[in-house]
Structure formats: C-alpha cells, structure tokens
Amino acid sequence: MSKPGLGATLELHSTLIERARCRLVQAPEGHDHDAWPLLAAIDMPESMAQLFDHEDVCVQASAWLAQCEQIPDAEQQHAWFLYHGARSVAGRDPALGRRCLAAAVRRFASRGERMGQVLAQCAWLEIDTCASPVPTGEAVGMTALPARKDLQQQVRAALAEKTSTIGLSLGAVALDCRILAGDGAAEAELVAELDAQLQALAPSLAVVDWCVASAEWHLRQSGALSTAEGLLQRAQQAAAALHSRLGAARVQNLAAAVLMARGSAVWPTVVALPIKSGRLDDLRRANLAELKARLLTRVPHEATCRTAVHDACVDHPDLGAFVAGPVDHRIAVAAVLAEAGMHAMARDWLEAAMPEGRAICNTFLADALLLLRAWELAVRGREAEAVEVAREPLLRRATGGHGALFPHAPRLAATLVGLGFLADVDAPWLREIVARQALRAPDATSPAWPWPIRAHVLGTPEVYLGGERVRVTGKMQQRVWELLCVLAAAGPQGKPQQFVARQLWGTSEAPEAALRVSIHRLRKLLGSDEAVVVRNGLVALNCELVWTDLQALQDLCERILDQAEHSSVSHVRSKVDHLLRLYRGGIFGSESLAWVLAVQRKVSMRFMAAASLLAEQLEAQGDWPGAARIYRRVLDPEPLSETAYRGLMRCATAQGDMALAFSHYRFCRDNLAIVLGRDVSPDTRCLAEDLGFLQPNGGVRPEPWPPAGMDCGREGLQRDPGPFDH
C-alpha cells in the first residue's frame, strides 16, 4: 500500500500500517496482541494518522482502546495510537476518548514531546467543549489538564518552537476547539502564518486537517468564501495524493457548508451523508449539511419536518450528545431552520441552549434570537418593526468587529444586511460583509443595498457606479439611453436581440450591427462588460449587478398588493416613502417606443393600485395628510383618476377644509367633461351628495351649506358656507 512520493521511511511505515490494520481487523475485540509490536515500530504521527484514515479502523477503534485499558502496561502503549484512537472514538464514546487522551498526555510528557502533549490536551478540550457535561465519575485525568488560559500560552509556545506537520495538526485542533477564541488577534495571526506555510509542505493528512479547519474558520469568522474555497481545493489535492477517502469526505462536507453559504439549492447526495469520523467539527458540518439537504426537499407537513430535524440534529448515531455543540453551531442550525421558514423551531433550538451556556454565550444567543426575530418580521412584510429589532444586535456585532453574519444562511444574512442599512448601522462593516460573503440583494426593492450599478430609467435617466453618479462627458447617443430603458423594461429574463433591434432601429439597414455597437457603449457606460448579458439569442441586464428603479417599483407594487393585511402606521408610512421615492415619472423614451409605452402603462396602473391601497390604509388609521399626499401623486400618471379625487375629497373633509374638498370635486367633474365628455361616476356623485355638494336630483346645492343646526359628526366641519353659495 505504498504511496508514491512519500519517501522510503513512510513507504516502510505504510507497509507496517497495512499489516497492523489487517491484524487488528481480523481480531476486532483486540485480543491479537501481535499487532501492538507493529504499532510500536511506527513512531511517526503522520504514519499513525494514515492508519486511522481507514474507515474500518475508525469503526472498531472503541473495542481496541477498551482492550488497551485492560492491558497492565497500558501506559507504555504507543502515544500516537492512543491520540488518534481517542480522536476517532470521541464522537461515539466521549468518556473513553477522554481517558485515552489523558494516557496520551502522560505518555508524551514522559517522552519529552511537548508538541504531542499540547496536541492531546487540546483534543481533550475539544471533547470537553463540544460534548455534553462530563459525569462526575468520568472526570479521569481532568485535574492533570491546565486551565484554558494556561493552555493558550502552551499552544503559542509550542507553535513557536518549530514548523512541522504536527504544528499544522495542533493549529487545526486549536481552531476546532476555539483555544485562542478569546484573543482574536492571536487567532488571526496563527491562521495567516500557517496558511502561508502550506505551499512549502508536501501532501499529508495534517495538511488536510489544517486546510479544513482554516477554511471553516474563514467561513465562520469572516465569511470569506473565496479563501475557504481555495483552502478546500488545496485539501482536496492533498487527499487525492494520499488516496485518503476519509480526508476527501471531510473536504466534501465542508464544501457543502460553502455551497450552503453560496445559497446553492443543488446538493449532491454524498455531501449530505455524515462521514464516519470522530472529529467533532466534521460531525457538526456533516450534520448541518444533512439538515439543510433535508429541508430543501420541502417536506409538506411540519410534523414531518420536525422528525427530519430531530433525525439530523439530535438522534443521529454518529453524533450522540454532540449535536448541542458550541454556540456557533447552535446558531448555525437555528439560522438554517429559520431560513427554511420554521421560525418557532429555530427559537426553541436557541432558547434550549441558553441556560447551559456561560454569560458571554448567552449574549451571543440572545443577539441571534433578536436577529432571527427581525428576519421573521421582514419575511412577514413588517419591515419597520424588523429594522427596530435588528438595530441593537447589529450595532453590537459591528462594534465587536464580527467578520461574518450567519454564513450558512445567505438569504437571512442578506436580509439582515438590508435592515442594517435602513437602521444606519456601520455602513462600511455592512459592505464588507456583503463582499466577503458574496451576498446577493434579497430583492430588487432593497433601497439601501450597495448595488455595484444603479440605473434610473423613470423620469430623467441616471447611472450610479459605487454610489457615485456617472458624469457623461460628450454627447451620449440617445439610442444608448433608450437601450438601457428597453432592457430595464424587459426585466431579468430579457428579450430576443431581433426584438430589441426592431424596437430601436425599426426597418433600418443592419439593425443587429447597430445593436452590437449600442451594447458595447452601454457596457462602457455601466462600467462592466458583465452588466449586459447576451446569451442564447437574448439580451438582458445582469440582475445580480444592475439595480433598476423600474424593476424595484414593479416588485414593490406586487409586494404591497400581495400583503394587503392591516399594518401599523409607521409600517405603511415606510412603504409610502419607498414607493413615492421610486416613482419619478414615466419610462424615459416611452413616447417613441410602442412596446415600452405599453410597459409604462402597465407599471402606472400597478403603481396607482398599490398607492391607492396604501392611502386607504392611512385613511383607516386617521392619517389624512399622508393619504392626501399619496392621492395627489396618483394624479400625476393619471389625472382623470376618480378614485384619487374621491380620496382627496374625503381627506379634505376629515380635516375640515370643505372648500378644498369641493375644489377637488369640481376639478374632477370639469376634467372628465372636457377630456372624455362625460359626467362623474355614480360613486363620485354619491360621495358629493353625502358631503352636501349636490342635491339628490343632481344639481349643485344652491342654499348655504351646511344647514343651520346640522351636526356633521367631525370636529372642525362647522364652518362658514361661503364657497358653496353660487
């Protein structure tokens, strides 16, 4: 079983490993003591790691280690065998793992191997951190281990002594069990130093260990997806060179976490299955991947969903009691649940962990609960409330310098970033989160999202790159602006190139060539060749790079009309401000382009419907000035809208201005008579009669209004009748 390129010593060790493995497998109860001399001859940690890289060895390691404890000279057993065996069984038998690691610590200490001693101590802490609390009778050797602060100093000292594969393994375990988590600068320095050493090291299982641990750290701490993917590629190459199935499986499970962070809905079956490994972070990653893979099947019933979550998170045979895990794993699982729409289950999952954690952990959990609540409010369309809930926890994260925001739930993270911009949280920090985690805007309506390119086509066309308005030097051709407006009207799906060419150039010669030239100029205007996509005969704006006010307006109108339930005044006002800010007039160039004119008409109708609905909600809540403001804007695209005139009449009457109310009725009546040659509708006539503007027979009331002694039922409606005495 020699592996090319490993050298003569490792080649010999590989032969010994294969012989020892065969003898151990043939005697699963550990009675074949002939295997122990073979193991004693293997005195290199990397070679021993190769032994436990075999799946059958990992499966039966518990029985061998249990037999080791019964041998009188157990303390003389190979320290590296005890270490790797304990790591292998940690996920299934934490008590046995602790005892064997304690024996390994003593063995390394007697041999003067400081690096191995610290490595075994870190592995112990990993079990102690991630497993359920240690029963009183099983705390064997706990007093021999140093406190966490002392262990931090030992880790730094051991890593400073030399650079080797053992150092990579120590660094990986230190990251897995968060040894240096209390000192962010030291942890970041460690990661940078060991990452830089990878290029000079030959493939080894220690390289795989470090790449996986470092990629997980980058994903968790900073959300740097590109860096994590580069480390995973290096780990995959090392695993392939070593023919390591277990190493490849570990890489695939973390790759699943990266796919999760990318927002991918495509999940290969292999990454959804937990690997047979005792490394606790590996188990957590596999668990999280399996959980999201199950949730993506969109199970119809909540009871079935709960069963799937229980199977994936609680009762898996390879996970045992470790699913509770550290705080960040708890939060990651809750985020996946919340993103899948199971908000109550996500809250229960976090709240169940709070009494168990320390004060600082409870702070993180409490902030996570608030952010998940903000996500739930945002999903339900209650944006104003969501902003208020998210403000404080986001401010604490920005102040604390957290580099990632729910990296395993990108849609949730993107929504919270959008809320952060609305809440005036540290904008540079939010933009850094967007760049590192490659977040996409939750929807086109996000008003403050840092879009690379913002294109306004309603009213006067404008383009903003990175927040700065593009100053067009020289004479910009009219066709380039019109092409931008046509593509904005076409939406994300785009339109055939021939259709766009006909719209802009009609029957002129070589319209396709003119279109290609205009596309080139439009890309130059937008500052990116990727801003305009030409594929399969279709041309469209890249919706991931380019924001358009037209698409944002259409999406916002649809959202308002779909979520017509009663909302608070502040919530409705925020929607009103957003809607009126987006609508700046008709689509540029629609007068000369028939198809764009049809789109403009459709957009105007949706705008009027959404605006009228919001105005009615403000009327129901007594915000008459706000409702009147909306009705006046509705008259801009449609000056003959009787719905808007009736709304203005009601608002003016409620505020006691009967003269203004009558003026609105008169404008409505006169405009309809001049433009359409018809009278007002029965609804408008009925309202005018109710307000006393008309007599029941249809004529204008000649006598002063209101009659003496009439009680109008609203404060301020008693006024001088002057405007109606004609």
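Residues numbered from 1 in each chain as written. Predicted model: local features only at pLDDT ≥ 70, side-chain atom pairs only at ≥ 80, totals over all residues. Heavy atoms only, no water.

Draft legend 1. Focus on the overall build of the protein chain. Within the protein chain, the secondary structure is distributed over 32 helices and seven strands. Looking at the 726 residues of the protein chain, the share that counts as buried comes to 53%. Counting contacts in the protein chain only where the partners sit at least 6 residues apart, residues at least 24 apart contribute 66% of the total. For the protein chain, the exposed surface amounts to about 31,500 Å²; the carbon and sulfur share of it is 53%. (Helix = DSSP H or I, 4+ residues; strand = E, 2+ residues; numbered from the N terminus. Buried < 20%, exposed > 50% of the residue type's maximum accessible area, 1.4 Å probe, protein only. Contact = heavy atoms within 4.5 Å. Areas by Shrake-Rupley, 256 points an atom, 1.4 Å probe, with all protein chains shown as cover.)

Draft legend 2. How the structure looks around the sheet that holds strand E6 (residues 538-541). Here we have three strands laid out as an open sheet, ordered E4-E6-E5, and antiparallel in their pairing. The open sheet has two edge strands with one neighbour each: strand E4 (495-496) and strand E5 (532-535). In this structure, E5 lies alongside E6, joined through four bridges in antiparallel fashion. Note that in E6 the partner of Val533 across the bridge is Ala540. (Pairing = 2+ DSSP bridges.)

Draft legend 3. Geometry of the packing of helix H27 (residues 569-582) against helix H28 (residues 594-620). Between H27 and H28, whose axes approach to 10 Å, the crossing angle comes to 150°. Judged on the interaxial angle alone, H28 and H27 are roughly antiparallel. Crossing hand, H27 versus H28: left-handed. On H28, the residues that touch Val572, Arg573, Lys575, Val576, Leu579 and Leu580 of H27 are Phe607, Ala610, Ala611, Leu614, Gln617 and Leu618. (Axes fitted to C-alpha atoms, helices over the stretch in contact; angles between N-to-C directions. Parallel < 35°, antiparallel > 145°, perpendicular 65-115°, else oblique. Left-handed = near helix turned anticlockwise from the far one by under 90°.)

Draft legend 4. Fine view of the sheet that holds strand E2 (residues 462-465). Judged by pairing direction, the sheet is mixed, and its four strands sit side by side in the order E3-E2-E1-E7 without closing on themselves. With partners counted over all chains shown, the strands left at the sheet margins are strand E3 (468-469) and strand E7 (546-548), one partner each. Note: strand E1 (residues 453-456) against E2, four bridges, orientation antiparallel. Looking at the pairing, Arg454 lines up with Tyr464 of E2. Helix H26 (residues 549-562) rests against E1 and E7 of the sheet, and its axis sits at about 60° to E7.

Draft legend 5. Spatial organisation of the packing of aromatic side chains. Tallied over the full model, the rule gives seven aromatic pairs. Between the aromatic rings of Tyr583 and Phe607, the centroid separation amounts to 4.1 Å while the plane-to-plane angle is 10°, which identifies the pairing as stacked. Within this pair, whereas Tyr583 is found in the loop between H27 and H28, its partner Phe607 is found in helix H28, the two being separated by 24 residues in sequence. We note that Tyr583, like Phe607, is buried. Grouping aromatic residues by their ring pairs yields a cluster made of Trp80, Tyr83 and Phe108. Stacked on the ring of Phe406, the Lys or Arg Arg397 has its end atom at 5.7 Å from the ring centre. For Arg454, the ring lying beneath its charged end belongs to Trp547, and the centroid distance is 4.1 Å. (Phe/Tyr/Trp six-rings, centres within 6.5 Å; stacked < 30°, edge-to-face > 60°. Lys NZ or Arg CZ within 6 Å of the ring centre and 35° of its normal.)

Draft legend 6. Geometry of the pairing of E2. The antiparallel pairing of E1 with E2 creates a hairpin that spans five residues between the two strands, and Gly459 there sits at a positive phi of about 80°. Pairing of E2 with E3, which is carried by two bridges, proceeds in the antiparallel orientation. Across the sheet, Tyr464 pairs through a bridge with Arg469, a residue of E3. Linkage of E2 to E3, two consecutive antiparallel strands, is achieved through a turn of two residues, within which Gly466 is found at a positive phi near 60°.

Draft legend 7. Summary view of the pattern of salt bridges. This model, assessed by the stated rule, comprises 20 salt bridges. Close ionic contact of Glu376 with Arg347 constitutes a salt bridge, the shortest N to O distance being 2.7 Å. Of this pair, Glu376 sits in helix H19 (residues 359-379) while Arg347 sits in helix H18 (residues 343-351); the two residues are 29 residues apart in sequence, bridging distant segments of the chain. Note on Glu376: relative accessible area 6%, which makes it buried. Measuring nitrogen to oxygen at the nearest pair gives 3.2 Å for the salt bridge that ties Arg669 to Asp670. Assessed through its relative accessible area of 24%, Arg669 is described here as partly exposed. Residue Asp670 is classed as partly exposed on the basis of its relative accessible area of 31%. Because the salt bridges share partners, they merge into one network encompassing Arg347, Arg373, Glu376 and Arg380. (Salt bridge = Lys/Arg side-chain N within 4 Å of Asp/Glu carboxyl O.)

Draft legend 8. Spatial organisation of the environment of Ser88. Along the chain, the position of Ser88 falls in helix H5 (residues 79-89). A C-alpha to C-alpha distance of 8.2 Å links Ser88 and Ser62, two positions 26 residues apart in sequence.

Draft legend 9. Spotlight on the confidence of the model for the protein chain. Of the residues in the protein chain, 72% reach a pLDDT of 70 or more, and the chain-wide mean stands at 75. Per-element confidence in the protein chain ranges from a low mean pLDDT of 40 for helix H14 (residues 269-272) to a high of 92 for E6. Predicted confidence is poor over residues 267-275, with pLDDT under 50, and the contacts of this stretch with residues over four places away or in other chains come to 26 contacts. (pLDDT = per-residue confidence, 0-100.)

Draft legend 10. Expanded view of a nonpolar patch on the surface. A contiguous nonpolar patch, built from Ile674, Val675 and Leu676 and spanning about 330 Å² of accessible area, is present on the exposed surface. Mapping Val675 onto the fold places it in helix H31 (residues 658-676). (Patch = residues over 30% accessible without salt bridge, like charges linked within 9 Å, V, L, I, M, F, W, Y side chains within 5 Å.)

Draft legend 11. Here's a closer look at the nonpolar core. Within the largest apolar cluster, 126 residues are counted, with the highest numbers of intra-cluster contacts made by Phe406 and Leu579. Per-element accounting of this core gives the leading share, 12 residues, to H28. The residues touching Phe406, leaving out its near neighbours within four places in the chain, are Ile331, Ala335, Ala368, Leu371, Leu372, Leu412, Ala413, Leu416 and Gln437. With 73 residues, the next largest nonpolar core counts Ala79, Phe81, Phe108 and Val258 among its residues. (Core = buried A, V, L, I, M, F, W, Y, C linked by side-chain atoms within 4.5 Å.)

Draft legend 12. Structural detail: unusual backbone geometry. Non-glycine residue Asp424 carries a positive phi angle of around 60°. Not every positive phi belongs to a glycine, and Ala438 is a case in point at roughly 50°. With respect to the helices, strands and loops of the structure, Ala438 is situated in the loop between helix H22 (427-436) and E1.

Draft legend 13. Broad picture of the environment of His218. Residue position: His218 is located in helix H11 (residues 205-221). Classification of His218 by relative accessible area gives buried; the value is 11%. Expressed as a C-alpha distance, the spacing of His218 and Ala228, which sit 10 residues apart in the sequence, is 6.1 Å. When near neighbours in sequence (up to four residues on either side) are disregarded, His218 contacts Val191, Asp195, Gly223, Ala224, Thr227 and Leu231.

Draft legend 14. Quick peek at helix H20 (residues 383-400). For H20, built from 18 residues, the straight-helix expectation of 26 Å at 1.5 Å per residue is met to within 8% by its first-to-last C-alpha distance of 25 Å. Remark: the principal bend of H20, roughly 40°, maps to Arg391, with a proline, Pro393, within the next four residues. Along H20, the positions that sit buried rather than exposed are Ala386, Val387, Ala390, Pro393, Leu394, Arg397 and Ala398. Of the residues flanking the end of H20, it is Gly401, one or two places downstream, whose phi is positive at about 75°. (Expected span 1.5 Å × (residues − 1). Bend = angle between axes of the 7 residues up to and from the residue.)

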